[in-house]
Amino acid sequence: PAVFPFQHVEAKWQAYWQKHQTFRTPQRDLSKPKKYVLDMFPYPSGAGLHVGHPEGYTASDVMARYWRMKGYDVLHPIGWDSFGLPAEQYAIQTGAQPADTTAANIANFKRQLQMLGFSYDWDRELATTDVEYVKWTQWIFLQLFRKGLAEQSEVSVNWCPALGTVLANEEVINGLSERGDHPVERLPLRQWVLKITQYADRLEEGLQGLEWPAGTLSAQKQWIGRSEGCRIDFGIEGMDTETITVFTTRADTLMGVTYVTLAPEHPLVLSVTSEEQKDAVSAYVNEASSRSDLDRTSSKEKSGVFTGGYALHPISGERVPIWVGDYVLGSYGTGAVMAVPAHDQRDFEFAQKYGLDIKWVVEPADHAELDQTVAFTEYGVNVNSGEFDGLTTEKAKEAVTKKLEELEKGGTQINYKLRDWVFSRQRYWGEPIPIYFPIDFPEGVDPSQQDPKLDDCQHTIRYDQPIPVDEADLPLKLPVMEDFQPGDNPAGCLARARDWRYFQKDGKWFARETNTMPQWAGSCWYYFRFLDPKNSKEAFSKKVDEEWMPVDLYVGGAEHAVLHLLYARFWHQVLFDLGYTTHPEPFQKLVHQGMILGSDGEKMSKSRGNVVNPDDIVQSQGADALRMYEMFMGPLEAVKPWQTSQVAGVVRFMNKAYNIVVSAAATKHTEMGDETLRLMNKTMKKVTEDIENMSFNTAISALMVYANHLQSLETIPREAAKTLTLMVSPFAPHLGEECWNILGHTESLAYEPWVVFDEALCVDTTVTIGVQVNGKSRGEISIAKDADEATAVAAASGVDKVQVQLEGKEIKKIIYVPGRILNLIAK
Ligand code: ANZ
């Protein structure tokens, strides 16, 4: 048998697709229904593709190719998420400009994707670093700014002077940077913040109706963190105009409050503090402000200090001491809690440590004895709560809330864990934020004689007066900088590009914003730009939005379950509100491919030396083999180890398929036998249904069974070889095209109608059932599944052992269950 000449064939068909622009979708073909099939676009790192990339990309490509054959108008674009810290670091390491290294990396990624035969419409290719793309990313930022959704704010950040950047909480360990062990300071820094919290409710509600993995839906929900509760105002002894408002999810425990705790950054801390406690409180607040939220909430030992002040209980009017404690976060709820040590474990530990009262107000519904060494945090029935006694927790929450509403001391409230999105980076390789500020000079100085580009020029940048760059002046390009390394200036390295930063307009001096956008920005809207990549007048037109959105299938890694998907949905909802899209959500169906591990079952990594390079596999066994193997390894969503030895299995199958087609093409007309006809129809049904469910490994096994059968035939019917070719083609498109060609076609099979099966031929019609005489098994018969009783009995009487049993007897009763059993009762 011949061996499939993959090297020659793959190059040949890739050239064909390119020459004939087979996968170009210049515009929507409204005579067909549409499918928008989107991959999470790659970050073009210096390392090139790893075998994890082709997994998701092959899965989406199988769907795109299948849907084309099913008669859909398919949009399948690709591009590059090319801003970001790693690109900048790679440029620093190699001593090059990020723009150049990015272009080189993109070229390498593109070569690799093309070598794998993905059916992208390359005319729609884009990179987030393209100036035309940056222009519209900046334009969207300006829409957010105009809507009041982009604001500057003093945010307490982890600033690492040695690395010259702000670090995320996860990147700081015991006050040192995770990378390099450099000291990290908490300092307030002017940052751009996007007000994603204003969309918290919409982001939560919009999840309904999306076909997303359950785990991703719940991760998004948790991140948004909707919490229904009650806001309660406590008076303050000696202060008539101020109140301490707390947020609680357990209003039912109000009568068990024995103190109130303020976060160290709560604005009332100093005013409620007594003279005697001033020093202790100030010292405590200073100490606490250097710790991150993560550190504060995760530390076991609760700490706090008494303020000397008292709050007044909203119902009983009792005095309750006010404490400051750093387990209360300034950034959640109201930054103050009503402490109920009997029913909240944190409050319990705090009360024990500082000898505060514990008052039990909830009992288990069955009045079981309580263990008083821990808080009782479950639901139950109220006690020691006056008018609320005897109410269940649910009822008591309602009753307390209602009472507070009557007293005008509280009411229901919904809180979210979601925080606003800190949108500033102090790095070079990102979109410049298109904002500038006026400059003030000291009194009596003539601005026209000043030059803020000079070191000794005294001036003040008026950050409180941000001015958006004129839309006509977009894009605001990055300056070319010889040295774009981060420095010790928290304003970012663009602050050093003075010629770019300072400019004069109408005789006045201005300073540009020197922060750049985070890498997330570009991926927030690329799926829109793919629809209209060359539009120079708009980010994308309303027409293409209506024609193509939403994305019907979005494939990418589960590591983006929270941030990317949340940020993109947020921008989408803002664009929806502004009327740029008519679709409330961008990604209708989402699928995460499972991670491919090294052959040792560990995550692939350079240091472990277990990385498989797709280039090597393509070289030695072909792109189709790589694609086919990755789809055959196991369920798409499963985590699975790579086994190079098993690639040979799919190669054998592909050689078999190739030979089947070659031999079918060489024979004259051959009738298709019943068994082949049935197996062909069953395979067509199975493969179709499995592809619809993206169950690719089982579809491939069915194709293998089918190929084995065809190979065993003396002569192979053309029709059987044709359906095999069509079904193999989404997985192994080069092999598919070559076989199609061998079968006598001159054009690509990319738009050839998908196989159609006959349901009637897919059912097994003959069955083998057991025959009993007087309840004892005496043999088997093969009959039609729905054969009638007389036929079954006639068949049974032909079985020797049955005949022997029936001799001289009369059949009294027949028990026949079609397809299952025949029992003859004879005497
Ligand atoms: C009194 C109480 C009694 C509470 C009780 C719980 C149990 P969620 O929204 O589900 O996370 N809390 C409120 N604001 C806080 C803050 N800024 N820092 C730390 N803790 C805060 O939980 C809300 C509960 O967390 C609130 O309900 C409050 O404690 C606490 F038996 O109030 B509770």
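This one's a predicted model, so the numbers in the text were calculated from it and none came from an experiment.

### A short note on the domain arrangement of the chain
Split into domains, the chain comes out as domain 1 (12-132 + 531-597), domain 2 (143-201 + 421-512), domain 3 (227-415), domain 4 (643-761) and domain 5 (764-826). Here the C-alpha centre of domain 4 lies 30 Å away from the C-alpha centre of domain 1. Taken together, the 13 residues of domain 1 in the interface contact 16 residues of domain 4. Sorting the residues of the side of domain 1 that touches domain 4 by element identifies α1 (6-20) and α2 (52-69) as the ones contributing at least two each. Across the side of domain 1 that touches domain 4, the residue classes tally to seven nonpolar, three polar and three charged.

### As for the nonpolar core
Within the largest apolar cluster, 133 residues are counted, with the highest numbers of intra-cluster contacts made by Met628, Met654, Ala657 and Leu724. It is helix α20 (residues 647-666) that contributes the most residues to this core, 10 residues altogether. Setting aside its immediate chain neighbours within four residues, Ala657 contacts Ala707, Leu724, Val728 and Leu735.

### Some remarks on the environment of Asp29
Within the element layout of this structure, Asp29 appears in the loop between α1 and β1 (34-39). Given 13 C-beta atoms within a 10 Å radius, Asp29 is considered partly exposed. Taking the C-alpha atoms as reference, Asp29 lies 64 Å from Val381; in sequence the two are 352 residues apart.

### Description of unusual backbone geometry
Leave glycine aside and you will find that most residues have negative phi; peptide bonds, for their part, are mostly trans. Residue Pro475 follows Leu474 across a cis peptide bond; omega there is 0°. With respect to the secondary-structure elements, Pro475 resides in the loop between β22 (467-468) and α13 (498-501). For the peptide bond that leads from Met549 to Pro550, omega is -5°, which places it in the cis range. With respect to the helices and strands, the residue Pro550 is situated in the loop between α16 (542-548) and β25 (553-555). Backbone geometry places Gln21, a non-glycine residue, at a positive phi of 50°. Note that Gln21 resides in the loop between α1 and β1. Take Gln21: there are 12 C-beta atoms within 10 Å of it, and that puts it in the exposed class. With a phi angle near 50°, Asn384 is a residue other than glycine that sits in the positive phi range. Mapped onto the elements, Asn384 comes out in the loop between β17 (381-382) and α12 (393-407). Under the C-beta neighbour-count criterion, Asn384 is labelled partly exposed, with 14 such atoms within 10 Å.

About the thresholds
Residues numbered from 1 in each chain as written. Predicted model: local features only at pLDDT ≥ 70, side-chain atom pairs only at ≥ 80, totals over all residues. Domains from an automatic or database assignment. Contact = placed C-beta atoms within 7 Å. Helix = DSSP H or I, 4+ residues; strand = E, 2+ residues; numbered from the N terminus. Nonpolar A, V, L, I, M, F, W, Y, C, P; charged D, E, K, R; others polar. Core = buried A, V, L, I, M, F, W, Y, C linked by C-beta atoms within 7 Å. Buried ≥ 20, exposed ≤ 12 C-beta atoms within 10 Å, placed from the backbone.

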